[in-house]
Number of protein chains: 2
Amino acid sequence: MKESEIGGLTCSVARTVGILGDAWTLLIVRELFLGTRRYDDFLAYTGMAPKLLAARLRRLTDAGVVQKVLYTEKRYEYRLTPKGRDLYPVIVSITQWGDRWTKAEDEHEAPLKLTHKLCGHTIGANLVCVCCGEKLDPRGVEATQSAALRAERDKMREEFMAAPIRAKQKVSHK
Amino acid sequence: MKESEIGGLTCSVARTVGILGDAWTLLIVRELFLGTRRYDDFLAYTGMAPKLLAARLRRLTDAGVVQKVLYTEKRYEYRLTPKGRDLYPVIVSITQWGDRWTKAEDEHEAPLKLTHKLCGHTIGANLVCVCCGEKLDPRGVEATQSAALRAERDKMREEFMAAPIRAKQKVSHK
């Protein structure tokens, strides 16, 4: 499978990854949540090359995650759409994982302190069940594949098993 | 900045993205949460080329997200470490966003149904404040940069402003 085909799969992770799944795009989304709006500021704070930034912003705009808005006669700014703002749990989860697991030994402070305005405390985000409010843990959740997803995965597996050269490559690699 | 340098930044998003921020790696993490353990199964269900899979698994192992465990005399399997399992909110958030925003018109069923064993309901994951239990929304959260993050961003901005050729490229692009 080619990387460009990932977004066309049945799985919701794969489809999301097809839109967001590269490092630069995730940095752009981070900037949008930090309040960055202007092209120059994206260039400055991501360190991206202009052509690459333009291409990634176009992909996000095409996907309906970002809208390009004329804010003076000649200049545009980029804003998250509702679809884009809905990525908040994704970006907060990524931030918190980074805070927990990638901090250098001499760092005593999280790079970004998130304060919940309502209660005034540093978050601390938990992923909880909408229904019962309990914290979600992989062992407490059962994942059932839809018929369409199951069929697609079975087909991928069959194709893989039927490809003798590829299977051989795999064995020789191990 | 080069893509390989992203993981070296001060920001927790950037550091996480430096480990996970490519489409294939996120597919591997999805598989691990679905229970995939064996090399052949990763090949089958991600459609990755063997060399690429081996490289990505090595990166995840080096980063402490995955452990390679000998499970028979000759064969290894790959499992999430505690650091890896802690990615659950990231993968669930991605799944739910995909369910909401990438579903085709003729699809009536989410590809993956997640059932919370405790309450028996389909989740429905909310990101809530650990402190007060309220749902988190970008507008309700204030983000404060640490001194180190602020300094790094100011430096990036200064370097960007001082680079006349790059600034010109940017203008001509617009």
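Quick caveat, the model's predicted, so the values are computed rather than measured.

Colleague: Describe the relation of the copies chain A and chain B, listing the residues and the values that go with them.
Modeller: Here chain A sits on chain B after a turn of 180° about the axis and a move of 0.0 Å along it, with an RMSD of 0.0 Å. Taken together, the rotation and translation describe the operation of a two-fold axis. Of the residues that chain A buries at the interface, 100% are likewise interface residues in chain B, meaning the two copies contact each other through the same surface.

Colleague: Quick one: what's the story with the environment of Lys 103 of chain B, residue by residue and with numbers?
Modeller: Residue placement: Lys 103 of chain B occurs in the loop between helix H6 (88-101) and strand S3 (112-116). With 55 residues separating them in the primary sequence, Lys 103 of chain B and Glu 158 of chain B have C-alpha atoms 42 Å apart.

Colleague: Please give an account of the packing of helix H3 (residues 39-46) of chain A against helix H7 (residues 147-161) of chain B that cites residues and values.
Modeller: Direction vectors running N to C along H3 of chain A and H7 of chain B enclose 115°, while the axes themselves pass 7 Å from each other. Pair H3 of chain A / H7 of chain B crosses with right-handed handedness. Contact residues: Leu 43, Ala 44 and Tyr 45 of chain A in H3 of chain A; Arg 153, Met 156, Arg 157 and Phe 160 of chain B in H7 of chain B. Counted by class, the contact of H3 of chain A with H7 of chain B contains five nonpolar, no polar and two charged residues.

Colleague: I'd like a description of the domain arrangement of chain A, backed by residues and values.
Modeller: Looking at the assigned domains, one finds that chain A contains domain 1 (3-85) and domain 2 (146-174). On a C-alpha basis, the centres of domain 1 of chain A and domain 2 of chain A stand 33 Å from each other.

Colleague: I'd love a proper account of the interface of chain A and chain B, names of residues and values included.
Modeller: The accessible area lost on association of the parts is a frequent measure of interface size. Residue-level contacts link 88 residues of chain A with 88 residues of chain B. Ranked by residue count, the leading element in the side of chain A that touches chain B is helix H6 (residues 88-101) of chain A, at 13 residues. Looking at side-chain class alone, the side of chain A that touches chain B contains 48 nonpolar, 20 polar and 20 charged residues. Here strand S4 (residues 125-129) of chain A runs beside strand S4 (residues 125-129) of chain B; their pairing, made up of five bridges, is antiparallel. Paired with Ala 125 of chain A across the bridge in S4 of chain B is Cys 129 of chain B.

Colleague: Can you tell me about the pairing of S4 of chain A, naming the residues and giving the values?
Modeller: For S4 of chain A, the tally of buried residues reaches five of five residues, placing the bulk of the element in the interior. Burial along S4 of chain A is two-sided: Ala 125, Leu 127 and Cys 129 of chain A and Asn 126 and Val 128 of chain A, pointing in opposite directions, are all buried.

Colleague: How would you explain the packing of H6 of chain A against H6 of chain B if you had to name every residue and give the values?
Modeller: The interhelical angle for the contact between H6 of chain A and H6 of chain B, taken along N-to-C directions, is 170°, at an axis separation of 8 Å. Looking at the two axes, H6 of chain A sits roughly antiparallel to H6 of chain B. On H6 of chain B, the residues that touch Pro 89, Val 90, Ser 93, Ile 94 and Trp 97 of chain A of H6 of chain A are Pro 89, Val 90, Ser 93, Ile 94 and Trp 97 of chain B. Class assignment of the residues belonging to the contact of H6 of chain A with H6 of chain B gives a composition of eight nonpolar, two polar and no charged.

Colleague: Describe helix H4 (residues 50-62) of chain A, with residues and values.
Modeller: Residue and element names in this part refer to chain A. Spanning 13 residues, H4 covers 18 Å between terminal C-alpha atoms, matching the ideal 18 Å at 1.5 Å per step. Among all positions in H4, only Pro 50, Leu 53, Arg 56, Leu 57 and Leu 60 are buried. Projected down its long axis, H4 carries its buried residues within an arc of 130°, all on one side. Within H4, the exposed residues directed more than 90 degrees away from the buried face are Lys 51, Arg 58 and Asp 62.

Colleague: Which residues make up the pairing of strand S1 (residues 66-70) of chain A, and what values go with them?
Modeller: Bridge analysis of S1 of chain A against strand S2 (residues 76-80) of chain A gives five bridges, and the strand direction is antiparallel. When the sheet's bridge partners are listed, Gln 67 of chain A is paired in S2 of chain A with Arg 79 of chain A.

Cut-offs and rules
Residues numbered from 1 in each chain as written. Chains lettered and ligands numbered in written order. Predicted model: local features only at pLDDT ≥ 70, side-chain atom pairs only at ≥ 80, totals over all residues. Least-squares fit on C-alpha atoms with pLDDT ≥ 70 in both. Contact = placed C-beta atoms within 7 Å. Helix = DSSP H or I, 4+ residues; strand = E, 2+ residues; numbered from the N terminus. Axes fitted to C-alpha atoms, helices over the stretch in contact; angles between N-to-C directions. Left-handed = near helix turned anticlockwise from the far one by under 90°. Nonpolar A, V, L, I, M, F, W, Y, C, P; charged D, E, K, R; others polar. Domains from an automatic or database assignment. Pairing = 2+ DSSP bridges. Buried ≥ 20, exposed ≤ 12 C-beta atoms within 10 Å, placed from the backbone. Parallel < 35°, antiparallel > 145°, perpendicular 65-115°, else oblique. Expected span 1.5 Å × (residues − 1). Arc of directions from axis to C-beta.

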